[in-house]
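Survey of secondary and tertiary structure
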Amino acid sequence: MLVDSIHELHVVNPYAELPSAFYTELSPQPLTRPRLLHANPQAAQLLGLTEDALKSKSFLDVFAGNAPLPGGRTLASVYSGHQFGVWAGQLGDGRAHLLGEIQGPSGNWEVQLKGSGLTPYSRMGDGRAVIRSSVREYLASEAMAGLGIPTTRALAIVVGDDPVRRETIERAAIVTRLSPSFVRFGTFEHFIQQPHYLQQLLDYVVDRYYPHLREPRADGKDVHLSLRLLDEVMLRSAQLVADWQTAGFCHGVMNTDNMSILGLTLDYGPYGFMDTFQIGHICNHTDVHGRYAWNAQPSVMHWNLFRLANTFVALGVEADDLRDTLQGFEQYFLDAFHGNLVKKFGWSSWREGDEVLVDDWWRLLHIQQADFTLSFRRLAHALERPEPWLELFNDPDAAAQWLERYRHRIQEDAGPDEERIAAMLAANPLYVLRNHLAEIAIRAAEQDDPSEIETLLTLLRDPYTERAGYESYAGPAPDWAQGLSVSCSS
Ligand code: AMP
Ligand code: MG
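Residue numbering note: each chain is counted from 1, following its sequence as written. Throughout, the order in which chains and ligands are written sets their labels, letters from A for the former and numbers from 1 for the latter. Predicted model: local features are reported for residues with pLDDT of at least 70 only, side-chain atom pairs are reported and counted for 80 or more only, and whole-chain, interface and lining totals are derived from all residues. Note that water and hydrogens are dropped before the side-chain values are worked out from all heavy atoms of the structure.

A separate point is the overall build of the protein. Numbering of helices and strands runs from the N terminus, with a helix taken as a DSSP run of H or I at least four residues long and a strand as a DSSP run of E at least two residues long. A count of helical and extended segments in the protein gives 16 helices and 13 strands. Overall, the C-alpha framework of the protein stretches about 65 × 60 × 45 Å when taken along its three principal axes. When a residue's accessible area, from a 1.4 Å probe over protein chains only, is under 20% of the maximum for its type it is buried; when over 50% it is exposed; and in between it is partly exposed. Within the protein, the proportion of its 490 residues that are buried is 58%. Should any heavy atoms of two residues lie within 4.5 Å, those residues are considered in contact. Partitioning the intrachain contacts of the protein with sequence separation of at least 6 by distance along the chain shows that 72% fall at a separation of at least 24. For the area figures, the Shrake-Rupley method with a 1.4 Å probe applies, and any residue is considered shielded solely by the protein chains shown. Counting only carbon and sulfur atoms, one obtains 50% of the accessible surface of the protein, whose full area is about 19900 Å². Side chains of the protein give 41 positive and 63 negative charges; the mean places of these two sets differ by 4 Å. By the counting rule applied here, Lys and Arg register as positive and Asp and Glu as negative, while His and the ends of each chain are not counted. Where a charge sits is defined by one atom per residue type, namely NZ (Lys), CZ (Arg), CG (Asp) or CD (Glu).

Given below as structure tokens:
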């Protein structure tokens, strides 16, 4: 059952019931002359809202930061973290406000404004977000959801007249995000010196999101709750980075304060979906050493999990037990990565020898600077119709040689061709949020025109289905957009 007004939603405040050491209660700073740029009916449905509800004044008031969520307690949460490998100490919601938690038709969602003004955790920042970064976050989270990759969601973008200084003067916006929880690895790190609060955070996260960990283990072993949580977070985080990699996605800022305890993609900044494949692709031009390059993501995730695990020492867990648990990451990652590749290549399972064929695939794409998304997508038909696939490569002869090896591998699996092709088209998207597509939507949004956001959402919600008339959304960047660069500034 959907309701027409945010006044009819069921709102609870479990995070606000944690001790005050976890947050500061305060109001957002509203925007000047706020206008709804776009609202997302799919995300509204998660909360139990109709499309009509999105048009109401009360909706705009709440998501412009002008009025509290009815029944909610507004707060900024505190966390710490490691940024680019270095302990950064206290961070926290420097420009975000949690409004409360809505009990939706099929689960609870915390509702958070981002870009909603100063908090005690703003440090040198201005508490604002710009239209550019808000549109990027809005589109990316819905694109991820469309790909089936775990992510926070986005409900609405409100824009204002307030000028915001970045590299140039831009305009302020507030993007509303939804997540079952915004707890980060960095939230645990924040309480490393306060085991009492750390234990409370552990209990909170387990009770609400991992309640099955309270039950006895199948093998009867008595394992510390934090080790059991670590194992689950490892499993989810391994699947997440595998999903990122096989979508050609780079997060860009895998600091521990941006790592979700639920294994969701969180905090979209200078992320990128690759156009041409480069094994060490760096999407964030401020990441000069490539710490968060495409191929570095699994090992960085592992490193981040070490930082999370390290906090559990404060709960009396033996360092050796933590290290033993952490060793499981590599296998979790390989299983997830191979599982994804099996689907993308149209196989029924991962076999001995696939490693070599797949390594040569990456090498081929890298050397030939082939388009990541289209190379996979067109492979579905490449055995019957090689031309459209071959033309993605600078050296079609080398590509054709690889294709012959792939043909043999497919023959070993021997399923019906139509089934394999359909399965491959359902595992390899045609549309991804390429940087230039986001850029076109941003330029329109800056003129108060949401039409490109609307178009992109339509395509990206179901990126596996080809739509007539949208050919230009399925290809590499045009000349004007070559070399668009994305920085941390948001
Ligand atoms: P991020 O790199 O966006 O994940 O942000 C890292 C930290 O800086 C977080 O604590 C953010 O809340 C904070 N932050 C980023 N931008 C701003 C801003 N414009 N104003 C205040 N705090 C910010
Ligand atoms: Mg962040």
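Looking now at the pairing of strand 6 (residues 86-90). Here 3 bridges tie strand 5 (residues 80-83) to strand 6, and the two strands are oriented antiparallel to one another. By the bridge assignment, Gln83 is partnered in strand 6 with Val86. In textbook terms, the turn of a hairpin is the stretch between consecutive antiparallel strands, and for strand 5 and strand 6 this stretch comprises 2 residues, one of which, Phe84, has a positive phi near 50°. At least two DSSP bridges between two strands are required for those strands to pair.

For this analysis, a ring pair means two rings from Phe, Tyr or Trp (six-membered ring only for Trp) whose centres lie within 6.5 Å, classed as stacked if their planes differ by under 30 degrees, edge-to-face if by over 60, and tilted for the remaining angles. Tallied over the entire structure, the rule returns 36 aromatic pairs. The ring of Tyr271 has Arg136 sitting right over it, with the charged end atom 4.1 Å from the ring centre. Here, a charge over a ring means that NZ of Lys or CZ of Arg falls within 6 Å of the ring centre while also lying within 35 degrees of the ring normal. Its end group placed over the ring of Trp347, Arg409 keeps NZ or CZ at 4.3 Å from the ring centre.

Looking at the metal site, the magnesium ion (ligand 2) is ligated by Asn258 (OD1) and Asp267 (OD), spaced 2.0 to 2.1 Å from it. The exposure class of Asp267 is buried, given its relative accessible area of 13%. Note on donors: an N, O or S atom is included if it sits within 2.8 Å of the metal, or within 3.2 Å for Na, K and Ca, and water is never included, so sites can look incomplete.

Generally speaking, soluble globular proteins have nonpolar side chains that are buried together. Among the nonpolar cores identified, the biggest contains 126 residues, and Phe188 and Trp389 are the most heavily contacted of them. With 11 residues, helix 6 (residues 225-246) is the single largest residue contributor to this core. When sequence neighbours within four positions are dropped, the list of residues in contact with Trp389 reads Trp361, Leu364, Ser375, Arg378, Leu379, Ala382, Ala399, Trp402 and Leu403. Here, nonpolar core refers to any group of buried Ala, Val, Leu, Ile, Met, Phe, Trp, Tyr and Cys residues whose side-chain atoms link them within 4.5 Å. Counting 30 residues, the second largest nonpolar core, distinct from the first, contains Val11, Leu47, Leu69 and Ile174.

Attention shifts here to the packing of helix 3 (residues 131-147) against helix 15 (residues 435-446). Geometry is summarised by axes, namely lines fitted to C-alpha atoms with helices restricted to the contacting stretch, and by angles between N-to-C directions that run from 0 to 180 degrees. It is the contact of helix 3 with helix 15, at a shortest axis distance of 9 Å, that shows an interaxial angle of 130°. As summarised for this structure, helix 3 and helix 15 are arranged oblique, according to the angle between their axes. As helix 3 packs across helix 15, the resulting crossing turns out to be right-handed. Contacts from Ile131, Arg132, Val135, Arg136 and Leu139 of helix 3 reach helix 15 at Asn435, Ala438, Ala441, Ile442, Ala445 and Glu446. Following the grouping adopted for this structure description, the nonpolar residues are Ala, Val, Leu, Ile, Met, Phe, Trp, Tyr, Cys and Pro, the charged ones are Asp, Glu, Lys and Arg, and the polar ones are all others, Gly among them. Of the residues assigned to the contact of helix 3 with helix 15, the class counts are 7 nonpolar, 1 polar and 3 charged. These descriptions rest on fixed angle ranges, namely under 35 degrees for roughly parallel, over 145 for roughly antiparallel, 65 to 115 for roughly perpendicular, and the rest for oblique. For any helix crossing, the convention is left-handed if the near helix is rotated counterclockwise from the far helix by under a right angle, and right-handed if that rotation is clockwise.

Let us look at the site of ligand 1. Around ligand 1 lies a shell of 17 residues, among which Gly92, Gly94, Arg123, Asp126 and Gly127 are the nearest. In this structure, a nitrogen atom belonging to ligand 1 sits 3.2 Å away from a side-chain N or O atom of Arg95. Any N or O atom pair separated by 3.5 Å or less is treated as a polar contact, with the protein-specific requirement of one donor-capable and one acceptor-capable atom, and with residues adjacent in sequence counted only for side-chain atom pairs. In the model, a nitrogen atom of ligand 1 is placed 3.4 Å from a nitrogen or oxygen of the Arg166 side chain. Among the residues making up the shell around ligand 1, the classes are represented as 2 nonpolar, 7 polar and 8 charged. Start and end points for every domain follow an automatic or database-based domain assignment. A domain split of the shell around ligand 1 shows at least three residues from each of domain 1 (6-182) and domain 2 (186-338). For each residue, the test is whether any non-hydrogen atom lies within 4 Å of the molecule or strand; if one does, the residue is near.

Attention now goes to the environment of Leu365. Inspection of the secondary structure puts Leu365 in helix 10 (residues 354-368). The buried category is assigned to Leu365, whose relative accessible area is 0%. Separated by 344 residues in sequence, Leu365 and Ala21 place their C-alpha atoms 50 Å apart. Setting aside chain neighbours within four positions, we find Leu365 in contact with Phe277, Ala370, Ser375 and Phe393.

Glancing now at helix 14 (residues 417-425). Buried residues of helix 14: Arg420, Ile421 and Met424, and no others. The buried side chains of helix 14 occupy one side of the element, clustering within an arc of 95° when seen end-on. Facing away from the buried side of helix 14, by more than 90 degrees, are the exposed residues Glu418 and Glu419. Tucked into the core, helix 14 has its buried residues touching helix 9 (329-345), helix 11 (372-382) and helix 13 (396-413). Taking the helix axis as origin, the arc is that swept by the directions to the C-beta atoms.

Attention now moves to the packing of helix 6 against helix 8 (residues 319-326). In the contact formed by helix 6 and helix 8, the axes pass within 10 Å of each other and the chain directions differ by 25°. Between helix 6 and helix 8, the angle is such that the two are roughly parallel. Note that helix 6 runs across helix 8; the crossing there is right-handed. Contacts from Leu227, Leu230, Asp231 and Met234 in helix 6 reach Asp321, Leu322, Thr325 and Leu326 in helix 8. Of the residues belonging to the contact of helix 6 with helix 8, the class tally is 5 nonpolar, 1 polar and 2 charged.

Another point: the pattern of salt bridges. Any carboxyl oxygen of Asp or Glu within 4 Å of a side-chain nitrogen of Lys or Arg constitutes a salt bridge here. Applying the stated rule across the entire model yields 33 salt bridges. Glu391 is the partner of Arg378 in a salt bridge, and the nearest nitrogen-oxygen pair spans 3.8 Å. One end of the pair, Arg378, is in helix 11; the other, Glu391, is in the loop between helix 12 (386-390) and helix 13, and 13 residues separate them in sequence. Since its relative accessible area comes to 58%, Glu391 is described here as exposed.

Buried and open spaces are told apart on a 1 Å grid over the protein atoms alone, a cavity being a set of points where a 1.4 Å probe fits but cannot get out and a pocket being an open set with protein on both sides within 12 Å along at least five of seven lines. Residues with an atom within 4 Å of a point are the lining residues. Grid points are joined across faces, edges and corners, and a volume is the space filled by probe spheres set on the points. One pass over the structure, following the stated rule, counts 5 cavities of 30 Å³ or more. Residue lining of the largest cavity: Tyr15, Ser77, Tyr79, Asp93, Leu98, Glu110, Gln112, Ser181, Phe182, Val183, Arg184 and Thr187, and that is the complete set. Here the residues of the lining of the largest cavity sort into 5 nonpolar, 4 polar and 3 charged.

This part takes up unusual backbone geometry. Positive phi outside glycine occurs at Phe84, with the angle close to 50°. Here Phe84 lies in the loop between strand 5 and strand 6.

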